[in-house]
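# Descriptive structure summary
These are the residues of each chain, in order.
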Amino acid sequence: MFKLTFWKKALHNANKYRFLFEQLILRDFRKKYRRAALGVLWSLLSPLLTLFVMKLVFTQFFGRGDGVVHYTIYLFSGLLVYNFYREATQAGMSSLMENNKIISKINVPKYLFILSENVSAMINFLLTLVVYFVFCAVDGIHFSPRMLMLIHPILWLTLMNFGVSLLLASWFVFFRDMKYLYGVFLRLLNYVCAIFYQVDRFPKRYHNLFLLNPVYVVIKYFRLIVIDEKIPSTQYQVLCAGYAIFFLILGCWTYNHYKNEFIYYL
Amino acid sequence: MAVIECKDVGIRYKTGNFRGIGLKEYIMKRATSRYEVNEVWADKHINFALEKGEMLGIIGTNGAGKSTLLKAVTGIMLPAEGSLRTRGSIAAFLELATGFDPEMTIRENTYLRGAMLGYTRAFMLERYDSILEFAGLTEFQDYTFKQLSSGMKSRLAFAIAAQVDPDILILDEVLSVGDGAFRKKSGDKMREILSAGVTGVLVSHSISQIRELCNKVLWIDHGHQITFSDDVELYCDAYEAFLRGGTLPPLQGEDGHAEQVARLAADQRAYKEELAAKGLEDTDRISEMTKEQAVATAIRILQEHQPDALNKQLRSG
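Computed from a predicted structure; not experimentally measured.

About the thresholds
- Along each chain, the written sequence defines residue order, and numbers are assigned to residues from 1.
- Chains and ligands are labelled by the order in which they are written, letters from A for the one and numbers from 1 for the other.
- For this predicted model, a pLDDT threshold of at least 70 governs which residues receive local features, and a threshold of 80 or more governs which side-chain atom pairs are given and counted, while totals over whole chains, interfaces and linings are taken from all residues.
- Strands are runs of DSSP state E lasting at least 2 residues, helices are runs of H or I lasting at least 4, and numbering of each runs from the N terminus.
- Counts of 20 or more other C-beta atoms within 10 Å of a residue's own C-beta define buried residues, counts of 12 or fewer define exposed ones, and intermediate counts define partly exposed ones; C-beta atoms are placed from the backbone.
- A pair of residues counts as a contact when their C-beta atoms, built from backbone coordinates, are within 7 Å of each other.
- Definition of nonpolar core: a set of buried Ala, Val, Leu, Ile, Met, Phe, Trp, Tyr and Cys residues joined via C-beta atoms within 7 Å.
- For a helix, the expected span equals 1.5 Å multiplied by the residue count minus one.
- To get the bend at any residue, fit one axis to the seven residues that end at it and another to the seven that begin at it, then take the angle between the two axes.
- Here pLDDT means the predictor's own confidence in every residue, given as a number from 0 to 100.
- Boundaries of every domain are those given by an automatic assignment or by a domain database.
- In this classification, the charged set is Asp, Glu, Lys and Arg, the nonpolar set is Ala, Val, Leu, Ile, Met, Phe, Trp, Tyr, Cys and Pro, and all remaining amino acids, among them Gly, are polar.
- Here, a strand pair is defined by DSSP locating no fewer than two bridges between the strands.
- Angles run from 0 to 180 degrees between N-to-C directions of axes, and those axes are lines fitted to C-alpha atoms, restricted for helices to the stretch in contact.
- Roughly parallel means an angle under 35 degrees; roughly antiparallel, over 145; roughly perpendicular, 65 to 115; everything else is oblique.
- The sense of a crossing depends on the near helix, which, turned anticlockwise from the far helix by less than a right angle, makes the crossing left-handed and, turned clockwise, makes it right-handed.

## Re the overall build of chain B
- A count of helices and strands for chain B gives eleven helices and nine strands.
- Taking the principal axes of the C-alpha coordinates as reference, chain B spans close to 55 × 55 × 55 Å.
- Across the 317 residues that make up chain B, the buried fraction comes to 37%.

## A word on the overall build of chain A
- In terms of helices and strands, chain A carries twelve helices and zero strands.
- Projected onto its principal axes, the C-alpha coordinates of chain A cover approximately 60 × 45 × 40 Å.
- Relative to its full complement of 266 residues, chain A shows a buried share of 33%.
- Long-range pairs, those at least 24 residues apart, make up 81% of the contacts in chain A between residues at least 6 apart in sequence.

## Here's the deal with the environment of B:Gln147
- Structurally, B:Gln147 can be placed in the loop between helix 4 (121-135) and helix 5 (150-161).
- Separated by 42 residues in the primary sequence, B:Gln147 and B:Thr105 place their C-alpha atoms 9.3 Å from one another.

## Points about the nonpolar core
- By size, the foremost hydrophobic cluster in this structure holds 69 residues, and its most contacted members are B:Leu56, B:Ile170, B:Leu202, B:Ile210 and B:Val217.
- Listed in part, the 66 residues of the second largest apolar core include A:Phe84, A:Cys136, A:Leu166 and B:Tyr119.

## Considerations on helix 4 of chain B
Residues and elements named next belong to chain B.
- When the terminal C-alpha atoms of helix 4 are compared, their 20 Å separation across 15 residues agrees well with the 21 Å that a helix rising 1.5 Å per residue should span.
- At Arg127, helix 4 shows its maximal kink, close to 50 degrees.
- Listed in full, the buried residues belonging to helix 4 are Met124, Ile131, Leu132, Phe134 and Ala135.
- Buried positions along helix 4 lie against helix 3 (106-116) and helix 5.
- Among the residues trailing helix 4, Gly136 stands out with phi positive, at a value near 70 degrees.

## Here we look at the confidence of the model for chain B
- Across chain B, the average pLDDT comes to 83, with 92% of residues at or above 70.
- Quick note on the complex model: pTM equals 0.83, ipTM equals 0.80.

## Focus: the domain arrangement of chain B
- Along its sequence, chain B is carved into domain 1 (4-277) and domain 2 (283-315).
- If you average the C-alpha positions of domain 1 of chain B and of domain 2 of chain B, the two centres end up 27 Å apart.

## Considering the interface of chain B and chain A
- With 30 residues of chain B in contact, the opposing surface of chain A contributes 23 residues.
- Secondary-structure elements contributing two or more residues to the side of chain B that touches chain A are strand 1 (4-16), helix 1 (23-31) and helix 3 of chain B.
- If you tally residues by element for the side of chain B that touches chain A, the top one is helix 3 of chain B, at five residues.
- A class-by-class count of the residues in the side of chain B that touches chain A yields 14 nonpolar, eight polar and eight charged.

## Side note on helix 8 (residues 178-192) of chain A
- In this model, helix 8 of chain A (15 residues) spans 20 Å end to end at C-alpha, consistent with the 21 Å of a helix rising 1.5 Å per residue.
- The positive-phi residue at the C-terminal boundary of helix 8 of chain A is A:Ala194, with phi of around 55 degrees.

## Overview of the pairing of strand 6 (residues 168-172) of chain B
All names here are of chain B.
- In terms of residue burial, strand 6 counts as a mostly covered element, since five of its five residues are buried.
- Across five bridges, the pairing between strand 6 and strand 7 (residues 199-203) is parallel. Note that in strand 7 the partner of Ile170 across the bridge is Val201.

## Notes on the environment of A:Ile114
Residue and element names in this part refer to chain A.
- Relative to the helices and strands, Ile114 resides in helix 6 (residues 111-138).
- Using a count of 26 C-beta atoms within 10 Å as the deciding quantity, one classes Ile114 as buried.
- Taking the C-alpha atoms as reference points, Ile114 and Met93, 21 residues apart in sequence, are found 7.3 Å from one another.
- In this structure Ile114 touches Gly92, Ser95, Leu96, Ser165, Leu166 and Ala169, once residues within four positions along its chain are discounted.

## Considerations on the packing of helix 4 of chain B against helix 5 of chain B
Residue and element names in this part refer to chain B.
- As a packed pair, helix 4 and helix 5 sit with axes 8 Å apart at the nearest point and diverge in direction by 140 degrees. Between helix 4 and helix 5, the crossing angle belongs to the class labelled oblique. Crossing geometry of helix 4 relative to helix 5 is assigned as right-handed. From helix 4, Ile131, Phe134 and Ala135 reach across to helix 5, where they touch Arg155, Leu156, Ala159 and Ile160.
- The residue inventory of the contact of helix 4 with helix 5, partitioned by class, reads six nonpolar, no polar and one charged.

## Quick look at the packing of helix 3 (residues 40-61) of chain A against helix 4 (residues 71-98) of chain A
Residues and elements named next belong to chain A.
- At their nearest, the axes of helix 3 and helix 4 sit 10 Å apart, and the two run at 135 degrees to each other. By the angle between their axes, helix 3 is oblique relative to helix 4. Helix 3 and helix 4 meet at a crossing whose hand is right-handed. Residues Pro47, Thr50, Leu51, Met54, Lys55 and Thr59 of helix 3 form the contact with helix 4, whose own contacting residues are Tyr71, Thr72, Leu75, Phe76, Leu79 and Asn83.
- Residues that form the contact of helix 3 with helix 4 fall into these classes: seven nonpolar, four polar and one charged.

## Section: unusual backbone geometry
- For A:Ala194, which is not a glycine, the phi torsion comes out positive at approximately 55 degrees.
- Tracing the backbone through its elements, the reader meets A:Ala194 in the loop between helix 8 and helix 9 (207-210).
- The backbone of B:Asp8 shows a phi angle near 50 degrees, a positive value even though the residue is not glycine.
- The residue B:Asp8 is located in strand 1 in this model.
- By the C-beta count within 10 Å, which is 14 here, B:Asp8 ends up partly exposed.

## Description of the environment of A:Tyr33
- Considering the arrangement of structural elements, one finds A:Tyr33 in helix 2 (residues 18-33).
- The spacing of A:Tyr33 and A:Ser43 is ten residues in sequence and 8.7 Å in space, taken between C-alpha atoms.

Printed below as a string of structure tokens:
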């Protein structure tokens, strides 16, 4: 898989299919925002509204925000990362099935459909990230060059999203109820990501269990840098990268192994 | 050096009750051992080679494995055995009108489809106007795709695909599309592409098209190769006689193949002479007739083969 010919072919394909790739991303955006009157603005507004509701619910009704510094940013960090993961993997998962007519009639690399959905999700994420920084400024977060470290988890998360998308898209071709099962899984994931609560509330021996959740690892990375103004330890960096590489390899392997079977199931 | 080389190719197809099921159903079916995957050989031991500029016509009844073979040549499916080599760029015309996005505009769909067919941005910008003009849809470019009639859809699909300058052209029953004027226009365009030295593979139910365009013929029956030959006339005659109820010849290389083919072909020629003596048209050219001629021919065929069905239809109005 990592032979020179593979990369040569990938580079050749990248050039050959660049136009298609752009068109696919354009299509994703057009389809998403055609109906919405506010266009791309909606993609910024939607997480903000969620943020607003969550902040209201958890500070006013449940009192979770007590004693947490920068609770808004705490929430926003969780939502930002979790939403990126959710959007990329959900869209990536259904991309093969949605384009089944094309895949069975025209010879194009099928992973392009998955990749384009992931890139669309990333663009969305980067737009929201800008709003995130605006909120940080308003909330009195201290900006420093340390913030540049965020490139690191963003990169790994993007790679992990693509790996998970490859994996799910492959499964979805075979099992059509994956969409619902994955919906349930995402709901569960939402609750174990410590988006609105703090891990400190649990006994210390459970803290490491949270590190089994790759999305939480990225969320915590964000919080460490932005709120706690700390640089995560080397072990933590390796953990973050490790998850991404693991899922990327698993996704690529699964996709490669089954890609020639898809045609019978689409 | 052959442009397409197909050596002992076998293509498997999977059938069974596994399509469109969920994980829960899969587990249930596995648990009750009712999960069935049947592997069917759509094609077996197919051998042919085409040089540059040659045109192959594939004939065979429905379900013979023609379209599957085309998909393998295109690269959409992989052969399970044998080797299939192609040299140069491939343009495939397979059920063109599918895969468009109904919610997007004609303009957006045109660019997207062009991109999928491997055209570059510069190429599309240059050709966009002429594509729409060719399809006769210039004033509809901001309509959504679902607003078009099915004729318009196939015109657009053809116009985009026909911009190619490929080394290999693959056609599945789409030599010409649409009705009336566009039928002629698309047929002419296709002939123009074909005359530019392209190597082609054509699947068509119109034997007269195969006779006209192809210099090689491949006859497949239920996945088995009856023949690959450059005697197009002989095998087209034999195939037509077979369609009228003749006995299928043994595979090429087996005893009695040449004899049976010759017998069928002679039979077909006699049949044609008989028709000509009666002053009747060759039934195969129905697609090229005027509407009145086509209807008359269709009624004649029905009178000959299905008089009951025809009478029933006439009685019910």
